[in-house]
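If you want the building blocks of each chain, they are given just below.
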Amino acid sequence: MTLIEFVHVGFAYGSRSVIRDLDATISENECIAIVGPNGAGKTTLLRLAAATLTPSRGEVYLKSKALRDLKQREIARSVAFVPQNVEVPFSFTVEQFVEQGRTPFLKMFGGLGISDYDAMRRAMELTDTWSLRSRVFNQLSGGERQRVKIALGLAQRPQLLLLDEPMQHLDIGRQFEMIDLIDSLRREGIAIVASMHDLALIEGTFSSVWLMSRDEPMQQGSPEEMLRPEILESVFRCSPRHRPRLVERVRNRMEQAL
Amino acid sequence: MVWEVTEASAEPSHGWVQERSQWWLLGPLAALLVLAVLVAAGMGAVHVPAWHLIGSLIDGESLSADQRIILFTIRLPRIAAALLVGGGLSVSGLLFQGLFRNPLADPYIIGSSGGAVCGASIGVFLLPPVSLAGFSTTAILAFAGALGSITLVYWLARVDGRTPVLALLLAGFAVSTMLSYSSYFLEVLDRDFGTGMRVLASWLHGTIAQPTWPQLAIVAFMLAIGLAGSVPLARSLNTLALGEEYATHLGLSVQQVRIAVIVIGSILTAAAVSLGGLISFVGLIIPHMLRMVIGPDHVRLLPATALAGALFLVVADTVARTIIAPAELPVGVLTAFIGGPFFLYLLRKTKQEVMP
């Protein structure tokens, strides 16, 4: 089933056009990596799918209903957006933080019910953060914080999880843990779209790659098709003298092919 | 499917729900408040022991006629006023801190109290006393002043959906200074020297006036509206703490919450200011201390803040009116002495954000 469909979508911040005439779909069981240089519109695309931005042209559909006709509460029950940076001015504990994922389900005067607690608990178990539940969010390490942010998203019980730079500020060990987490969520049947900078981590977990560039239309394909030195070289505008380094970055793919 | 409960989580979450509850502080706070009221009622030039007071509530005969008059026309209204002012300022402080996502917000610091005084001054000095549905023009103008100033400060201090500490403090300082001096200006314009001036002086120093019971009833009513309105907002403020974009994504109507907090915070500020004038830092200290004890969840903080604010100001006002007896100290002096250093300490703790 198709979860999200972009139809001729364009988006501009003021006069600066970021996305032009985008057509794409996100289906159940898909795991998509968005790759591209800074400023190519990766975060914008995720925000359009989460409906925190409205397209300037075209339409985004959630299960064939236009996002602009849906209430944000309804959207947030199917689509969870995990932003890159979250600043919390107060010392919320992990469970108070994750609790906010239940917002789209709560009535104005109603408190949390047992089903809300079950959802929060399951979200924390899936992300291996249940043991952190009494810790203060602002005092966690980068890797722990990233997992707790995903727990908040999972507390929304989404069908689609949008991750904005989930690997940012993570050391290599935590990056591997994050890949394992994405892999396990994918196997649980949650569709995932993540913007990724480290190309070597994509293969094996992600089913397809969306390659965005600053002026060319977006290219889609399997990781094998997309993560080729010649394609990356043009999209990321790498000088030819860096080609050996680029090959090194994506060698993972070649070794598997051999 | 993924959401089915696994074996690990097969035991129900009830135990966890129990462990999460943080309501235990409310009982002790309420008990302390009752105790403080009883002791405060007994303190002053004429000493009335607490047990006589309790006795009189039971049989109505333990008090002499003099004591009765002192208690019911002087002390208890004053104590009730302190209670309402303390609760109102603390809760509006909590709401503004949540809205600005900034633990340094306080109705005094961000100019909302100054706006209320300025509005009230217009009522006292420029307009004939009229009342609308039981509310004096003064109370209504105080509300309008609080609403106007907080809206202005909010608009001035916001940068990209955030409110940096420095921007908030500067905007609040500029707006409240202008408003305070506008109040002086109105006083100079006033021809009927005397009454108005005394009223203004007591407002600007933060003195809890000697209220009548009908005045108290109106303020209590405003506070009740404010508190009732804060209840559904408390959870929204938790969500808003994640930032406006994230809160919007989660389905919170950020614009509605923003307007509701500004209106309700202004009602509470206006109610408090109309009895006590510019009493500084109460709205800063009380929510902050409670956060250290029961954590930052606004749902649990709200009732605790109302009780603790009332308790704090009943105690502070009793000290203020007895410490240099027979003279009285404005309670605003006392809260400034306690709250000022506390504010500076908090500012120092958040220094990195203020001076990057």
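Residues numbered from 1 in each chain as written. Chains lettered and ligands numbered in written order. Predicted model: local features only at pLDDT ≥ 70, side-chain atom pairs only at ≥ 80, totals over all residues.

1. Things to note about the overall build of chain A
- Secondary structure summary: chain A contains 10 helices and 10 strands in total.
- Relative to its length of 258 residues, chain A is compact, with a C-alpha radius of gyration of 19 Å against a globular reference of 18 Å.
- Projected onto its principal axes, the C-alpha positions of chain A cover 60 × 40 × 35 Å.
- The 258 residues of chain A split such that 44% are buried.
- Relative to all contacts within chain A whose residues are 6 or more apart in sequence, the contacts with residues 24 or more apart total 67%. (Helix = DSSP H or I, 4+ residues; strand = E, 2+ residues; numbered from the N terminus. Rg over C-alpha atoms; globule rule 2.2 N^0.38 Å. Buried ≥ 20, exposed ≤ 12 C-beta atoms within 10 Å, placed from the backbone. Contact = placed C-beta atoms within 7 Å.)

2. Focus: the overall build of chain B
- Helices and strands together make up the secondary structure of chain B, namely 15 helices and 2 strands.
- Put simply, 77% of the contacts in chain B that link residues at least 6 apart link residues at least 24 apart.

3. As for the environment of Arg-147 of chain A
Residues and elements named next belong to chain A.
- Note on placement: Arg-147 falls in helix α5 (residues 142-155).
- Owing to 23 C-beta atoms within 10 Å, Arg-147 belongs among the buried residues under this scheme.
- Through-space distance from the C-alpha of Arg-147 to that of Glu-28 is 22 Å; in sequence the pair is 119 residues apart.
- Among all residues touching Arg-147, those that are not within four sequence positions of it are Thr-127, Asp-128, Thr-129 and Leu-181.

4. Brief notes about the pairing of strand β7 (residues 160-163) of chain A
Residues and elements named next belong to chain A.
- Of the two faces of β7, the one lined by Leu-160 and Leu-162 and the one lined by Leu-161 and Leu-163 are each fully buried.
- Inspection of the sheet shows strand β6 (residues 79-82) paired to β7 by 4 bridges, in the parallel sense. Of the residues in β7, the one forming a bridge with Phe-81 is Leu-162.
- Bridging between β7 and strand β8 (residues 191-195) involves 4 bridges; their strand directions are parallel. Each bridged residue has a counterpart across the sheet, and for Leu-160 the counterpart in β8 is Ala-191. (Pairing = 2+ DSSP bridges.)

5. Regarding the sheet that holds strand β10 (residues 219-221) of chain A
Residue and element names in this part refer to chain A.
- One open sheet accounts for 6 strands, arranged β6-β7-β8-β3-β9-β10; its pairing is mixed. Each edge of the open sheet carries a strand with a single partner, namely β6 and β10. Across the sheet, the mean angle from the axis of one strand to that of its neighbour is 15°, orientation sign disregarded.
- Contacts from helix α1 (residues 42-50) reach β3 (31-35), β6, β7 and β8 within the one sheet, and its direction differs from that of β8 by about 150°.
- Along the sheet, helix α6 (residues 172-187) makes contact with β3, β7 and β8, crossing β8 at roughly 150°. (Axes fitted to C-alpha atoms, helices over the stretch in contact; angles between N-to-C directions.)

6. A few points about the interface of chain A and chain B
- Taken together, the 33 residues of chain A in the interface contact 32 residues of chain B.
- Looking at the side of chain A that touches chain B, the elements with two or more residues in it are α2 (72-76), α3 (94-99) and α4 (114-126) of chain A.
- The element that contributes the greatest number of residues to the side of chain A that touches chain B is α4 of chain A, accounting for 6 residues.
- Among the residues making up the side of chain A that touches chain B, the classes are represented as 16 nonpolar, 8 polar and 9 charged. (Nonpolar A, V, L, I, M, F, W, Y, C, P; charged D, E, K, R; others polar.)

7. Some remarks on the sheet that holds strand β2 (residues 16-27) of chain A
Residues and elements named next belong to chain A.
- Taken in spatial order, the 4 strands of this open sheet run β2-β1-β4-β5, and their pairing is antiparallel. The open sheet has two free edges, formed respectively by β2 and β5 (65-66), since each of these has just one partner strand.
- When strand β1 (residues 2-13) meets strand β4 (residues 57-62), the two strands line up antiparallel, connected through 5 bridges. Residue Gly-10 lies in a different strand from β4, and its bridge partner there is Arg-57.

8. Let's talk about the packing of helix α2 (residues 26-42) of chain B against helix α4 (residues 65-100) of chain B
Residue and element names in this part refer to chain B.
- The interhelical angle for the contact between α2 and α4, taken along N-to-C directions, is 140°, at an axis separation of 10 Å. Comparing the axis directions of α2 and α4 gives the class oblique. For the pair α2 and α4, the crossing hand works out as right-handed. Touching Val-37, Ala-40 and Ala-41 of α2 are Leu-71, Arg-75, Leu-76 and Ile-79, all from α4.
- A breakdown of the residues in the contact of α2 with α4 according to their chemical character gives 6 nonpolar, no polar and 1 charged. (Parallel < 35°, antiparallel > 145°, perpendicular 65-115°, else oblique. Left-handed = near helix turned anticlockwise from the far one by under 90°.)

9. A word on helix α6 (residues 137-157) of chain B
- Along its 21 residues, α6 of chain B runs 30 Å from first to last C-alpha, staying within 8% of the 30 Å computed at 1.5 Å per residue.
- α6 of chain B sits mainly inside the fold: 16 of its 21 residues count as buried. (Expected span 1.5 Å × (residues − 1).)

10. Quick look at the domain arrangement of chain A
Residues and elements named next belong to chain A.
- Taken domain by domain, chain A comprises domain 1 (1-78 + 158-225) and domain 2 (88-157).
- The centre of domain 1, based on its C-alpha atoms, is set 23 Å off from the matching centre of domain 2.
- Those elements giving two or more residues to the side of domain 1 that touches domain 2 turn out to be α2 and α6.
- Class assignment of the residues belonging to the side of domain 1 that touches domain 2 gives a composition of 8 nonpolar, 1 polar and 4 charged. (Domains from an automatic or database assignment.)

11. Considerations on the environment of Met-226 of chain A
Residues and elements named next belong to chain A.
- Relative to the helices and strands, Met-226 resides in helix α7 (residues 223-226).
- Sequence separation between Met-226 and Ala-151 is 75 residues; the distance between their C-alpha atoms is 30 Å.
- The residues contacting Met-226, other than those within four sequence positions of it, are Val-209, Leu-211, Gln-219, Gly-221 and Ile-231.

12. Observations concerning the packing of α4 of chain B against helix α12 (residues 282-294) of chain B
Residue and element names in this part refer to chain B.
- One way to put it is that α4 packs onto α12 with a least axis distance of 7 Å and a crossing angle of 70°. With respect to α12, the element α4 is oriented roughly perpendicular. Contacts from Gly-86, Leu-89, Ser-90, Ser-92, Gly-93, Leu-94 and Gln-97 of α4 reach α12 at Val-282, Gly-283, Leu-284, Ile-286 and Pro-287.
- Among the residues forming the contact of α4 with α12, the class breakdown is 6 nonpolar, 6 polar and no charged.

13. Some details on the pairing of β3 of chain A
Residue and element names in this part refer to chain A.
- Within β3, 5 of the 5 residues are buried, which leaves it mostly tucked inside the rest of the structure.
- Of the two faces of β3, the one carrying Cys-31, Ala-33 and Val-35 and the one carrying Ile-32 and Ile-34 are both buried.
- Where β3 lies against β8, 4 bridges are found, and the strand directions are parallel. Counterpart to Ile-32 in the pairing with β8 is Val-193.
- Examined bridge by bridge, β3 and strand β9 (residues 208-211) share 4 bridges and lie parallel to one another. Residue pairing for β9: Val-35 is matched across the bridge by Leu-211.

14. Structural notes on unusual backbone geometry
- Even without being a glycine, Ala-51 of chain A presents a positive backbone phi close to 70°.
- As for its placement among the helices and strands, Ala-51 of chain A is situated in the loop between α1 and β4.
- Given 23 C-beta atoms within 10 Å, Ala-51 of chain A falls into the buried group.
- Backbone geometry at Arg-101 of chain B places phi at a positive 50°, although glycine is not the residue there.
- Mapped onto the elements of the fold, Arg-101 of chain B is located in the loop between α4 and α5 (112-126).

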